[in-house]
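Coordinate analysis (summary)
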Amino acid sequence: MATDVITLIPGEIIECILEDPNITFLDIIRFSMTCKHLYRTVKSNNKLWRVKYFQRWPLLKEHYKENNVDLKVFNWLNEIQISVEIRCNLMHQLSLMSSKHYKREELSNSELKYFDPLFRPEQGAYQLNYHFLVDELINLINRPIIDSNLTHRYYAFIVLRYLRQNYLTEEWQRFIHFPPNEQILEKGATIVAQWSQPERYISYSYISSLLDDIANQTKNLLYERHPTHSIFSLPAEQLLIWKRRNIDDNQWSTSETRQIMEALCEVLFQKLGFYGNSEMYYSSENSFIDRVLERKHGIPMTLAIIFESIARRLGVRCEPVSFPSHFLLRWKEKYNVPEPESIESFYIDVLNGGQFLTKKNCPRIGGISRCPIAKYNVHNPATAVEVYIIVFINLIFSTID
């Protein structure tokens, strides 16, 4: 009689118990095999299998949402079965790599083409396979050495780099063909960081959330100082538009724009302590937006990208400008005017705490004999692609001993 008691427990209670993170797929399958009633209860519980799927692969959740796949999955148990099969296929291919390539020090992309059917939708792969494989490979690489097959780990990094660079090459091509107002700087910076650090999990949503947090801190400080600022009467939808697209002008009066800029400089450089890393200028980590946001130091390009991205979220336009000896952000009180040269340009030196520079107070920068602003006050702003060419050049220098 006691053996039948569990069948009397409501399905909701059983579901709650099985959702415990310590219970694995195999545990649930064994549990369901104890009787027909529990088998039917477990197998048909789509919500339970969805929870277990994202417990096992939590980082994939954002990709399911981004690609609108989450709502289209009506059988999460089948999704798990497909994922386990893909993982087995991946591990099988990794196990064969040593016998195929152990004599070679380097592998060209052409020698790894047999992995394409695993992640390319045009070759029959499930549309999210790329993200799944990246997740599996990163987990394999980051597993403790004592629990790792070092041969598999070695080849996992090679395969991960191949997958990343193939996927990101296409992402980069899409990015450079976006209209200029959609080529937002932090998106390109994320691609650079992902390409250069294949073993790290870096998502655009993660980068964007860090920038959102700094923008919110700036708004909080702004509210303390200027509670009647017009930004606080705007709907959230408008701020979301500025977050996703470049803006062609400041959205506020000159005085209100300056209030935002002052608050942003105080939050970014004083409260959070961002600064220019002059001592290790050519360290590659200074060029990666994720590292700069986490460690709060970088080079002018990455600090400028962060500053511009936050300012844009708050309705302020800043333009990246590359001088021969320095990289600055330019801000004007007004952009869309008949005679733009009549509007004075202010330059934000993000390498030195967000100092505002003009022709009158511009210091000598980088050891040059004269202020660059004096000569290039009407210099054209750098496009997003031009900014990343500079970033790539810096990365090349970082690899030279």
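One can find the structure itself at the top, above this paragraph.
So, here's what we can say about the structure. Bear in mind that the values here come from a model prediction, so they are computed numbers and not experimental data.

**Re empty space enclosed by the protein**
- Here the structure, examined in full by the defined rule, presents one cavity of 30 Å³ or more.
- For the lining of the largest cavity, the elements supplying multiple residues, two or more each, are helix H6 (76-101) and helix H8 (129-142).
- With four residues, H6 is the single largest residue contributor to the lining of the largest cavity.
- Within the lining of the largest cavity, the residues separate by chemical class into seven nonpolar, two polar and one charged.

**Digging into the sheet that holds strand E6 (residues 355-357)**
- On the basis of which strands lie adjacent, the open sheet formed by four strands has the order E3-E4-E5-E6 and antiparallel pairing. Edge positions in the sheet fall to strand E3 (319-322) and E6, since each of these pairs with one other strand and no more. Averaged over all adjacent pairs, the angle separating strand axes in this sheet is 40°, with direction ignored.
- Bridge count between E3 and strand E4 (residues 327-332): four bridges; the pairing is antiparallel.

**Section: the layout of surface pockets**
- Computed from the structure, the largest pocket encloses a volume of approximately 850 Å³.
- Taken together, 31 residues line the largest pocket, and the ones lying closest to its centre are Glu 66, Glu 171, Lys 187, Tyr 204 and Ser 205.
- Contributions of two or more residues to the lining of the largest pocket are made by helix H5 (61-66), H8, helix H9 (150-176), helix H10 (185-196), helix H11 (204-225) and helix H12 (236-244).
- Of the residues forming the lining of the largest pocket, the biggest block, six residues, is contributed by H9.
- Across the lining of the largest pocket, the residue classes tally to 13 nonpolar, eight polar and ten charged.

**Examining the pairing of E4**
- Across the six residues of E4, six count as buried, placing the element largely inside the fold.
- Neither face of E4 is exposed, since Phe 327, Leu 329 and Trp 331 on one face and Leu 328, Arg 330 and Lys 332 on the opposite face are all buried.
- The pairing of E4 with strand E5 (residues 345-349) spans four bridges and is classified as antiparallel. Bridging across to E5, Arg 330 finds its partner in Tyr 347.

**Here's the deal with helix H4 (residues 46-56)**
- Every buried residue of H4 is listed here: Leu 48, Trp 49, Lys 52, Tyr 53 and Phe 54.
- Summarising the contacts, the buried residues of H4 are in contact with helix H1 (11-18), helix H2 (25-32), helix H3 (36-43), H5, H6 and H8.

**Comments concerning a nonpolar patch on the surface**
- A contiguous nonpolar surface patch, about 400 Å² in accessible area, is contributed by Leu 26, Ile 29, Met 33 and Tyr 39.
- With respect to the element layout, Tyr 39 can be found in helix H3.

**Points about the pattern of salt bridges**
- In this structure the tally under the stated criterion is 25 salt bridges.
- For the salt bridge of Glu 186 with Arg 312, the shortest nitrogen-to-oxygen distance reads 2.5 Å. Residue Glu 186 is located in helix H10, and its partner Arg 312 is located in helix H15 (residues 300-313); the two are separated by 126 residues in the primary sequence.
- Residue class for Glu 186 comes out buried when judged on its relative accessible area of 0%.
- Residue Asp 290 is joined to Arg 200 by a salt bridge in which the shortest nitrogen-to-oxygen separation is 3.1 Å.

**Overview of the nonpolar core**
- One finds Leu 268, Phe 274, Ile 306, Phe 307, Ile 310 and Tyr 388 to be the most contacted residues of the largest nonpolar core, which totals 59 residues.
- Excluding residues that lie within four positions of it along the chain, Ile 306 makes contacts with Leu 211, Leu 268, Phe 274, Ile 289, Val 292 and Leu 293.
- Counting 45 residues, the second-largest nonpolar core is a separate cluster that includes Leu 18, Phe 25, Tyr 53 and Val 73.

**Points about the packing of H10 against H11**
- Closest axis-to-axis distance for the H10/H11 pair is 10 Å, and the angle between their directions is 130°. As summarised for this structure, H10 and H11 are arranged oblique, according to the angle between their axes. Read as a crossing pair, H10 and H11 show a hand that is right-handed. Along the contact surface, H10 presents Glu 186, Lys 187, Thr 190 and Gln 194, while H11 presents Tyr 204, Ile 207 and Leu 211.
- Tallied by class, residues from the contact of H10 with H11 come to three nonpolar, two polar and two charged.

**Topic: the packing of H10 against H15**
- One can describe the packing of H10 onto H15 by two numbers: an axis separation of 9 Å at closest approach and a directional angle of 145°. On H15, the residues that touch Leu 185, Glu 186 and Ala 189 of H10 are Ile 305, Glu 308, Ser 309, Arg 312 and Arg 313.
- Looking at the contact of H10 with H15 residue by residue, the class counts come to three nonpolar, one polar and four charged.

**Considerations on the packing of aromatic side chains**
- Scanning the model with the defined rule gives 22 aromatic pairs in all.
- Put simply, the rings of Phe 25, Tyr 53, Phe 54, Trp 57, Tyr 64, Trp 76 and Phe 132 pair up and form one aromatic cluster.
- Geometry around Tyr 335 places Arg 317 over its ring, the cationic atom sitting 4.4 Å from the centre.

**Side note on the side chain of Asp 349**
- Tracing the backbone shows Asp 349 in strand E5.
- Judged by relative accessible area, which is 2%, Asp 349 ranks as buried.
- When residues no more than four places from it in sequence are discounted, the contact partners of Asp 349 are His 326, Leu 328, Gly 354, Gln 355 and Leu 357.

Thresholds, definitions, all that
- Residues numbered from 1 in each chain as written.
- Predicted model: local features only at pLDDT ≥ 70, side-chain atom pairs only at ≥ 80, totals over all residues.
- Heavy atoms only, no water.
- 1 Å grid on protein atoms, 1.4 Å probe; cavity = no way out; pocket = protein on both sides within 12 Å on 5 of 7 lines; lining within 4 Å.
- Points joined across faces, edges and corners; volume = space filled by probe spheres on them.
- Helix = DSSP H or I, 4+ residues; strand = E, 2+ residues; numbered from the N terminus.
- Nonpolar A, V, L, I, M, F, W, Y, C, P; charged D, E, K, R; others polar.
- Pairing = 2+ DSSP bridges.
- Axes fitted to C-alpha atoms, helices over the stretch in contact; angles between N-to-C directions.
- Buried < 20%, exposed > 50% of the residue type's maximum accessible area, 1.4 Å probe, protein only.
- Contact = heavy atoms within 4.5 Å.
- Patch = residues over 30% accessible without salt bridge, like charges linked within 9 Å, V, L, I, M, F, W, Y side chains within 5 Å.
- Areas by Shrake-Rupley, 256 points an atom, 1.4 Å probe, with all protein chains shown as cover.
- Salt bridge = Lys/Arg side-chain N within 4 Å of Asp/Glu carboxyl O.
- Core = buried A, V, L, I, M, F, W, Y, C linked by side-chain atoms within 4.5 Å.
- Parallel < 35°, antiparallel > 145°, perpendicular 65-115°, else oblique.
- Left-handed = near helix turned anticlockwise from the far one by under 90°.
- Phe/Tyr/Trp six-rings, centres within 6.5 Å; stacked < 30°, edge-to-face > 60°.
- Lys NZ or Arg CZ within 6 Å of the ring centre and 35° of its normal.

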